[in-house]
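Here is how the chains run, residue by residue.
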Amino acid sequence: MPETRIRILHVEDVPADAELAERELRQAGFELDIRRVETREAFLAALADFAPELILSDYRLPEFDGMQALLLAKEHAPDVPVVITTGSVNEETAVECMKAGAADYVLKEQLGHLGIAVRSALERQRLVVEKRTDEKRIRGLNRLLRTITEVNQLLVRATDEESLLKDVCRILVSHGGYALAWIGRADRETMRVVPVASAGDETGYLQRIEVRWDDSPEGRGPLGIAIRERRSAIVSDVQADPMEVPFRRLHPSPGFGSIAAIPIRRGGAVIEGLIVYSAEEVFIDEEELALLEDLAGDLTFALDALDAREALRRSNVELRKLGRAVEQTPATVMITDLGGRIEYVNPRFTEVTGYTAEEALGQNPRILKSDRTPPEVHRAMWETIAAGRVWQGELCNRKKDGTLFWESASISPVRDEQGVTTSYVAVKEDITDRKRAAEKLAKSEIYFRSLIENAQDVIVVIDAGGDLLFMSPAVERILGRPPEQFVGKNAFEFIHPEDAAGIQAALRRVVDDPELPQTVVFRFRHANGSWRTLEGIGKLLAAEGSSRAVVNVRDVTESRALEERLRQSQKMEAVGRLAGGVA
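Model, not experiment: these values are computed from the prediction.

So, how was this worked out
- Residues numbered from 1 in each chain as written.
- Predicted model: local features only at pLDDT ≥ 70, side-chain atom pairs only at ≥ 80, totals over all residues.
- Heavy atoms only, no water.
- Helix = DSSP H or I, 4+ residues; strand = E, 2+ residues; numbered from the N terminus.
- Rg over C-alpha atoms; globule rule 2.2 N^0.38 Å.
- Buried < 20%, exposed > 50% of the residue type's maximum accessible area, 1.4 Å probe, protein only.
- Contact = heavy atoms within 4.5 Å.
- Areas by Shrake-Rupley, 256 points an atom, 1.4 Å probe, with all protein chains shown as cover.
- Phe/Tyr/Trp six-rings, centres within 6.5 Å; stacked < 30°, edge-to-face > 60°.
- Expected span 1.5 Å × (residues − 1).
- Arc of directions from axis to C-beta.
- Polar contact = N/O pair within 3.5 Å; in protein donor to acceptor, adjacent residues only side chain to side chain.
- Core = buried A, V, L, I, M, F, W, Y, C linked by side-chain atoms within 4.5 Å.
- Patch = residues over 30% accessible without salt bridge, like charges linked within 9 Å, V, L, I, M, F, W, Y side chains within 5 Å.
- Salt bridge = Lys/Arg side-chain N within 4 Å of Asp/Glu carboxyl O.
- Pairing = 2+ DSSP bridges.
- Axes fitted to C-alpha atoms, helices over the stretch in contact; angles between N-to-C directions.

1. Description of the overall build of the chain
In terms of regular secondary structure, the chain is built from 17 helices and 20 strands. Relative to the 2.2 N^0.38 estimate, which gives 25 Å for 583 residues, the radius of gyration of the chain is 33 Å and therefore markedly larger than a compact globule would have. Based on the C-alpha atoms only, the size of the chain along its principal axes is roughly 115 × 60 × 40 Å. Within the chain, the fraction of its 583 residues that count as buried is 44%. Nonlocal contacts in the chain, meaning residues at least 24 apart in sequence, comprise 52% of its contacts between residues at least 6 apart. Accessible area for the chain stands at about 30800 Å²; split by element, carbon and sulfur atoms hold 51% of it.

2. A word on the packing of aromatic side chains
Centre-to-centre distance and the angle between the planes together describe a pair of aromatic rings. What the rule picks out here adds up to nine aromatic pairs. Ring geometry for Tyr205 versus Tyr277: centroids 6.0 Å apart, planes at 85 degrees, classification edge-to-face. A residue pair is termed long-range when its members are at least 10 positions apart, and Tyr205 in helix α7 (residues 205–208) and Tyr277 in strand β10 (residues 269–278) qualify at 72 residues. Exposure remark for Tyr205: the relative accessible area of 1% places this residue in the buried category. Classification of Tyr277 as buried rests on a relative accessible area of 3%. On the numbers, 4.5 Å between centres and 40 degrees between planes, the contact of Phe256 with Tyr277 is tilted. In this pair, Phe256 is assigned in the loop between α9 (245–248) and β9 (258–266) and Tyr277 in strand β10, connecting sequence segments 21 residues apart.

3. Re helix α13 (residues 375–386)
An α-helical turn contains 3.6 residues, so a residue and the one three or four places further along point in the same direction. With twelve residues, α13 ought to run about 16 Å at 1.5 Å a step, and its terminal C-alpha atoms sit 17 Å apart, in line with that. Along α13, the residues classified as buried are His378, Met381, Thr384 and Ile385. One face of α13 carries all of its buried residues, which in axial projection span an arc of 130 degrees. Turned more than 90 degrees away from the buried face of α13 sit Pro375, Glu383 and Ala386, all of them exposed. Tucked inside the fold, the buried residues of α13 contact β13 (391–398), β14 (404–415) and β15 (421–430). In the stretch just after α13, Gly388 is the one whose phi turns positive, near 90 degrees.

4. Structural notes on the side chain of Ser370
Along the chain, the position of Ser370 falls in the loop between α12 (357–360) and α13. A polar contact of 3.2 Å, which involves the side chain of Ser370, links it to the backbone nitrogen of Arg372. At 2.5 Å, the side chain of Ser370 and the backbone oxygen of Cys396 are in polar contact. In contact with Ser370, other than residues within four places in its own chain, are Cys396, Asn397, Arg398 and Leu404.

5. Overview of the nonpolar core
Residues Leu164, Val168, Leu172, Val276 and Leu299 are the most contacted members of the largest nonpolar core, which totals 31 residues. Contributing elements (two or more residues each) for this core: α5 (114–157), α6 (161–174), β6 (180–186), β7 (193–199), β9, β10 and α10 (286–321). If one sorts the elements of this core by residue count, α10 sits on top with nine residues. What Leu164 contacts, discounting residues up to four positions off in sequence, is Leu154, Leu155, Ala158, Leu299, Ala302, Leu303 and Leu306.

6. Description of a nonpolar patch on the surface
Taken together, the side chains of Tyr447, Phe448 and Leu451 make up a nonpolar region of the molecular surface, amounting to roughly 310 Å² of accessible area. Relative to the elements of secondary structure, Tyr447 occurs in helix α14 (residues 432–453).

7. Focus: the environment of Leu172
Here Leu172 is to be found in helix α6. In this structure Leu172 comes out as buried when scored by relative accessible area, which is 0%. Linking Leu172 and Trp213, residues 41 residues apart in sequence, is a C-alpha distance of 23 Å. When neighbours within four sequence positions are excluded, Leu172 is seen to be in contact with Thr147, Gly177, Tyr178, Ala181, Leu274, Val276, Leu292 and Leu295.

8. Quick look at the pattern of salt bridges
Tallying each qualifying case throughout the model produces 32 salt bridges. Here Glu563 ties to Arg124 by a salt bridge, and the two come within 3.9 Å at their closest N and O atoms. Highlighted residues: Glu563 in helix α17 (residues 557–582) and Arg124 in helix α5, separated in sequence by 439 residues. Since its relative accessible area comes to 22%, Glu563 is described here as partly exposed. Salt bridges sharing partners connect three or more residues here, namely Glu161, Arg185, Arg266, Glu272 and Asp307.

9. Quick word on the sheet that holds strand β20 (residues 548–555)
The five strands are arranged β17-β16-β20-β19-β18 in an open sheet whose pairing can be described as antiparallel. Edge positions in the sheet fall to β17 (468–471) and β18 (518–525), since each has one partner strand and no second. In this sheet, adjacent strand axes meet at a mean angle of 30 degrees when their direction is disregarded. Here eight bridges tie β18 to strand β19 (residues 531–540), and the two strands are oriented antiparallel to one another. Paired with Val521 across the two strands is Glu535, which belongs to β19. Along the sheet, helix α16 (residues 497–512) contacts β16 (458–463), β18, β19 and β20; its crossing angle with β18, the most-contacted strand, is approximately 145 degrees.

10. Observations regarding the sheet that holds β14
The strands that make up a sheet pair up through hydrogen bonds in the backbone, lying either parallel or antiparallel. The strand order β12-β11-β15-β14-β13 describes an open sheet built from five strands, whose pairing is antiparallel. Only two strands of the sheet have a single neighbouring strand rather than two, namely β12 (342–345) and β13. Strand-to-strand twist across the sheet, computed as the mean angle between neighbouring axes with direction ignored, equals 30 degrees. Of the pairings in the sheet, the one linking β14 to β15 comprises nine bridges and is antiparallel in character.

11. Some thoughts on the environment of Ser450
Here Ser450 lies in helix α14. Put simply, Ser450 and Glu484 are 34 residues apart on the chain and 17 Å apart in space, counted from C-alpha to C-alpha.

Below is the structure:
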């Protein structure tokens, strides 16, 4: 058996007993780093500086005991399992230990079981921590997805840049759980990054630091890198990463754990960056960074849209005054008469469509029309602008060379001083890349479905009545049947009758308390007719009005059988000792 290295804090006042326990653990395949203590004070000190992975404690000591150690461990080191050893134990004492949170207990006369008990306790704790980590990660991603939703709703309503940027930072702190969020703009003269919006800076941290975007030490931080190199940057551990050396001593107390900085593109150039700070280490991983980059992309689009809207407003004023204001706008601008004949196109029109101004003038905009835009869209557009209103929408058009491209268009009536409509002006943005990004997102959804379908655990979607709506492919490995033999059937056809009531109650609790996950252990019929013991952790599916639950199911038959054999063995030995004593 390969050796497993482990740090054990041993609460024991008898050196011989400690040596015996150590020998049994080494024979069980453990490589040990043990610290033995006898008092409460030494125990607390060891929890702090020794950082044990497991606590092994005698039930009774002259000045200390296992129950005290157990309670102190739960308070100061809740993730460290505790195994109790004792010279003798009755059933009440064993139950008391387990209820108090002991991972297991072992009689000193049966220390041959100690290795199994320790290995089992470590494995159970590993699974608990792993599950908690996964749940925390999922909650974090869901939290950020909700934050992105809030930001996107804000982007739709945005009317000015200053308010937009401030509100984005505010939402990242209030909804996203970040300690600090700010947006900085690159100053090309001073090479400094100037804060233009922030939230969460109650301590005045931004006034104490100088962030640059050149290749100086202050420019090699995450935000300087994001702007200068036009790429995102992560600091997973603020205390260890050299990027934070110029800023670490200025951090507020209790400080930051991890940081992410994302470039913000405006008109294709990076002149701003978004930076967020978490109080936790490794809080921001690659998946979270990808979502933050999506958020920055949405923000870029909104800023560009605000820019285009402002450019359009200025252009309309200049058109009425000078008739020549739209030459430099980054958007495609087209002016037609009331009959739809093109009177003007700007240079961007030529760059996007391939038609020169000479080729376009006098033509109808239908020279760009493709069969990808439904006729009713064009009909609604003309009805809207003919009624004197602004039409906004997306069009799939065709370039001169036949290439299809997507545009986001805003078409407005142009009125003279008397308010009479004299022409129409269209301001359009090429959103082909954004459409491709949407397709990429769809592929990403396929990828995540693949992750579910290839998971080792079974992912189940079940309604409140027990009907199985989805089962991942792992079910065939665990229960011997492919998913299609389950979907459409009721789970209670396969659940052991004695466990049915518990499952029904759990389903009701899932519906009644959507925020609280429910855990159940039950028996389920295998294809070969045997019963497998399964553990399921379920929660209401995150959909409005849904009465369906998503359940993560794993096979615990073997581990439960092992635990039962251990319990039976210990009970039989206790009965044997009792009978021997009576004799």
